[in-house]
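Read off the chains here:
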Amino acid sequence: MKFFNYDSPIMQFLTRLTDLFILNFLFLICCIPLVTIGASATALYSVTLKMVKKEESYIFSSFFRAFKSNFRHSTVSWLILLLASLVLGMDYRAAGIMGGTFQQIFSFLVILVSMIILFPAIYIFPYIARFENTIKNSLKNAFIISIAQLPFTILLLLILAAAVAFTIFIDFRIVGFVWFVIGFSGLAYLNSFLYRLAFRKFEAEA
């Protein structure tokens with residue numbers, strides 16, 4: 001029967017769902033120490049970027065190879081972003097106890113700096129997964145790409161905002177199930193179509 005043919009659309013869809021389920025599980029397991037979140041995200045995007053271009057091989061070997069080879073680079077980048085986020089969070093709380101015009105100005109500056117950090121933050125791990133560079137240049141180039149490819153950046157931010165809204169406003173039992181089963185890998189897979197387009201110009205120049 002054509003339905004059970006491996007090349008049929010239904011079987012291809014089910015195979016992709018299975019791959020994303022496995023990938024989501026690997027990502028969550030490797031995030032447990034917390035400090036490894038950056039390396040896990042890079043490994044996740046290393047696989048999904050290949051998926052969207054139909055270049056993926058075995059999920060397990062591809063994930064752990066990327067996790068190992070990019071561990072230091074990704075971990076340092078993750079810790080830099082985490083530290084910056086914590087500092088900005090404390091600054092924003094401090095601004096809340098101020099009064100008058102100074103509070104408004106300081107709050108605006110904190111939000112502005114947060115946006116400046118957010119732009120490269122949404123590109124850094126896919127960038128590390130796709131390009132070889134130093135940590136400093138990776139962060140710098142992630143920011144440059146986020147500005148140079150602003151339409152893609154806006155779309156990525158809208159997808160992120162939709163994911164946050166889904167997490168906040170939908171029943172936590174449904175949210176927990178979705179994120180646990182396929183949420184992170186599915187989001188990365190969807191984003192990878194945009195990252196591939198955003199990186200295309202820079203791949204040609206590399």
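## Things to note about the packing of helix 2 (residues 37-52) against helix 4 (residues 71-96)
Next, step 1: Across the interface, helix 2 lies against helix 4 with an axial gap of 7 Å and an inter-helix angle of 120°. What the angle tells us is that helix 2 and helix 4 run oblique. By crossing handedness, the relation of helix 2 to helix 4 is classed as right-handed. From helix 2, Ile 37, Gly 38, Ala 39 and Thr 42 reach across to helix 4, where they touch Phe 71, Ser 74, Thr 75 and Trp 78.
Next, step 2: Tallied by class, the residues present in the contact of helix 2 with helix 4 amount to 4 nonpolar, 4 polar and no charged.

## What about the confidence of the model for the chain?
Low pLDDT means the predicted coordinates in that region are not meant to be read closely.
Next, step 1: For the chain, per-residue confidence averages 89 on the pLDDT scale, and 94% of positions sit at 70 or higher.
Next, step 2: Averaged pLDDT values over the elements of the chain bottom out at 86 in helix 5 (residues 100-130) and peak at 96 in helix 2.

## A short note on the side chain of Asn 70
Next, step 1: Relative to the elements of secondary structure, Asn 70 occurs in the loop between helix 3 (59-69) and helix 4.
Next, step 2: Contact partners of Asn 70, with chain neighbours within four places excluded, come to Thr 42 and Ile 128.

Here is what the cut-offs are and how they apply
- Residues numbered from 1 in each chain as written.
- Predicted model: local features only at pLDDT ≥ 70, side-chain atom pairs only at ≥ 80, totals over all residues.
- Heavy atoms only, no water.
- Axes fitted to C-alpha atoms, helices over the stretch in contact; angles between N-to-C directions.
- Helix = DSSP H or I, 4+ residues; strand = E, 2+ residues; numbered from the N terminus.
- Parallel < 35°, antiparallel > 145°, perpendicular 65-115°, else oblique.
- Left-handed = near helix turned anticlockwise from the far one by under 90°.
- Contact = heavy atoms within 4.5 Å.
- Nonpolar A, V, L, I, M, F, W, Y, C, P; charged D, E, K, R; others polar.
- pLDDT = per-residue confidence, 0-100.

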